[in-house]
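Chain and residue survey
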Amino acid sequence: MQTLSSRVTQKFQEIFSSQAALLVRSPGRVNLIGEHTDYNNGFVLPAAVDKAIYMAVERRRDDDVQLFAMDLDQSYRGSLRPPLTQSALHWPNYILGIVGQLRNLGLTVGGFNCVFAGDIPLGAGMSSSAALENAIIFSLNQLFGLGLDPMTMVRLSQKAENEFVGLQCGIMDMFASMFGRKDQVIRLDCQSLEYTYFPFRTEGLRLLLLDTQVEHSLASSEYNVRRQQCEAGVKLVQRQHPSVRSLRDVSLEMLNTLVAPADELIYRRCSFVVEENARVVAGTEDLQRGDLAAFGRKMYASHEGLSRKYEVSCVESDWLVDQLRDAGGVLGARQMGGGFGGCTINLVQADTIEALVERIAPLYRKAMNRELKWYIGQIENGTSVV
Ligand code: GLA
């Protein structure tokens, strides 16, 4: 069977009658624990996976951009002359947003041709959009010799998403997609941007992703509201503690005395974040000790918080986590990513997976009237030239 990367280069040749100058692979990500902590200056524990976007590019002589998204069978052509305007198609905006960020820095980006395809399930909380942004910024960096370092590219990808696409996301997705390393998870301190790799020794365990097939639409949804609620909590604490900058500086005690009496909803949101941060720190210690059972318990606790306190879960995710809690061979389960659908991430004994999925899928269909999809999250390297 033809690989995805060769299909992309072949399509490029067909459309542009030339060989691509560059082929880049940019992966999706999983996050083991630490959800909704990134934009609160907290900790996350993601890894890049074996599902990725492949992008072929070459420079053009003019200032135009010609793009082809193979999975959607859609093309886009436009001028890069300022001002850049949003496309009515959604996907070109990820690419145009990156060009805009590079231009803001005074960097020279000329016209280019681009073909891409991927196997990251869309809307499944595995960060296909971050992978696309990283793919294009990485490609343009090489193509136009911009000399950007990986962390700068990550920050620009995030900024493009914030400003051009309108989702006030944190840095985790782009970071994990760019910095991923085979068989390692990365603990990122989203405040200092310091990061540490930890070998993910799973010995007989796998990361099973169960796709609810509920498409989350984060931008139009509650994601940005959660961000504002966290900021509101910080403001309440700042009245007494003016030096506090984010929920990273906030303790449960501060929340109990200063936020709980003022606003119960804001209290619940903020206490989830503070607890989730503590879970990442302790969970990394579990991993270092090789205590995956303890790590798994924190995944369940994380889900409980996401569902009850942060309220970013959905009935389908809750149902799956409940089923897995009662199944044998499952150490931990929780909803992953921004929420309101997408995938659950589950730490499961490898030899039980097939029987488990075979048993759960028909029950899921019956209970939720949806097809369950599943993937094994294999941890791979981050964005690179193929
Ligand atoms: C989305 C965002 C990330 C992060 C997660 C929740 O994936 O893009 O920045 O906030 O949700 O942890």
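Structural notes, computed from the coordinates. Just so we're clear, the structure is a prediction, and the values are computed from it rather than from any experiment. (Residues numbered from 1 in each chain as written. Predicted model: local features only at pLDDT ≥ 70, side-chain atom pairs only at ≥ 80, totals over all residues. Heavy atoms only, no water.)

1. Looking at the site of the ligand
In the vicinity of the ligand, the residues found are Arg29, Glu35, His36, Asp38, Tyr39, Cys169, Gly170, Met172, Asp173, Tyr223, Gly337 and Gly338. In the model, an oxygen atom of the ligand is placed 2.6 Å from a nitrogen or oxygen of the His36 main chain. In this structure, an oxygen atom belonging to the ligand sits 2.9 Å away from a main-chain N or O atom of Gly170. Protein contact buries 97% of the 300 Å² of open area that the ligand shows by itself. Under a 2 Å grid-point criterion requiring more than half of the atoms, the pocket assigned to the ligand is the largest pocket. Tallied by class, the residues present in the shell around the ligand amount to four nonpolar, four polar and four charged. Mapping the shell around the ligand onto the domain boundaries places at least three of its residues in each of domain 1 (4–201) and domain 2 (205–377). (Near = heavy atom within 4 Å. Polar contact = N/O pair within 3.5 Å; in protein donor to acceptor, adjacent residues only side chain to side chain. Areas by Shrake-Rupley, 256 points an atom, 1.4 Å probe, with all protein chains shown as cover. 1 Å grid on protein atoms, 1.4 Å probe; cavity = no way out; pocket = protein on both sides within 12 Å on 5 of 7 lines; lining within 4 Å. Sits in = over half its atoms within 2 Å of the grid points. Nonpolar A, V, L, I, M, F, W, Y, C, P; charged D, E, K, R; others polar. Domains from an automatic or database assignment.)

2. Focus: helix α7 (residues 252–259)
Buried within α7 we find Met254, Leu255 and Val259. Looking straight down α7, one finds that the buried residues subtend no more than 100° of arc, so they occupy a single side. Residues Glu253 and Thr257 are exposed on α7 and point more than 90 degrees away from its buried face. On the buried face of α7, the contacting elements are α6 (223–238) and α8 (264–289). (Buried < 20%, exposed > 50% of the residue type's maximum accessible area, 1.4 Å probe, protein only. Helix = DSSP H or I, 4+ residues; strand = E, 2+ residues; numbered from the N terminus. Arc of directions from axis to C-beta. Contact = heavy atoms within 4.5 Å.)

3. Structural notes on the pattern of salt bridges
For the structure shown, the criterion picks out 23 salt bridges. Arg334 is the salt-bridge partner of Glu35, the closest N and O atoms lying 2.7 Å from each other. In this pair, Glu35 is assigned in the loop between β1 (22–31) and β2 (43–44) and Arg334 in strand β10 (residues 330–335), connecting sequence segments 299 residues apart. Across this residue pair, the class does not change: Glu35 and Arg334 are buried. The shortest N-O distance in the salt bridge between Arg370 and Glu316 comes to 3.4 Å. Taken together, the residues Arg370 in the loop between α11 (353–368) and β12 (373–376) and Glu316 in helix α10 (residues 315–326) connect sequence positions 54 residues apart. Each of Glu264, Arg268, Arg269 and Glu311 takes part in one network of salt bridges that share partners. (Salt bridge = Lys/Arg side-chain N within 4 Å of Asp/Glu carboxyl O.)

4. Quick look at the sheet that holds β2
Taken in spatial order, the three strands line up as β2-β7-β8 in an open sheet, and their pairing is antiparallel. Single-partner strands in this sheet number two, and they are β2 and β8 (195–199). Bridge analysis of strand β7 (residues 184–189) against β8 gives five bridges, and the strand direction is antiparallel. Following the sheet pairing, Ile186 is matched in β8 by Tyr197. (Pairing = 2+ DSSP bridges.)

5. Remarks on the pairing of strand β9 (residues 205–211)
Most of β9 is tucked away, with six of its seven residues classed as buried. Pairing of β9 with strand β11 (residues 343–349) involves seven bridges; the strand directions are antiparallel. Directly across from Leu205, in β11, lies its bridge partner Gln349. Pairing geometry for β9 and β12, over four bridges, is antiparallel. The partner of Leu210 across the bridge, within β12, is Trp374.

6. A short note on the packing of helix α9 (residues 292–309) against α10
Interhelical geometry of α9 versus α10 gives an angle of 155° and a closest axis separation of 11 Å. Considering the angle they form, α9 stands roughly antiparallel to α10. Taken as a pair, α9 and α10 cross one another with a handedness that is left-handed. In this structure, α9 contributes Tyr300, His303, Glu304 and Ser307 to the contact, and α10 contributes Ser317, Asp318, Val321, Leu324 and Arg325. Counted by class, the contact of α9 with α10 contains three nonpolar, three polar and three charged residues. (Axes fitted to C-alpha atoms, helices over the stretch in contact; angles between N-to-C directions. Parallel < 35°, antiparallel > 145°, perpendicular 65-115°, else oblique. Left-handed = near helix turned anticlockwise from the far one by under 90°.)

7. Structural notes on unusual backbone geometry
Residue Pro82 is joined to Pro83 through a cis peptide bond whose omega torsion reads -5°. Within the secondary structure, Pro83 is located in the loop between β5 (74–79) and α2 (92–104). Even without a glycine there, the phi angle at Leu193 is positive, about 65°. Within the secondary structure, Leu193 is located in the loop between β7 and β8. The buried category is assigned to Leu193, whose relative accessible area is 15%. For Glu311, which is not a glycine, the phi torsion comes out positive at approximately 50°. Mapped onto the elements of the fold, Glu311 is located in the loop between α9 and α10.

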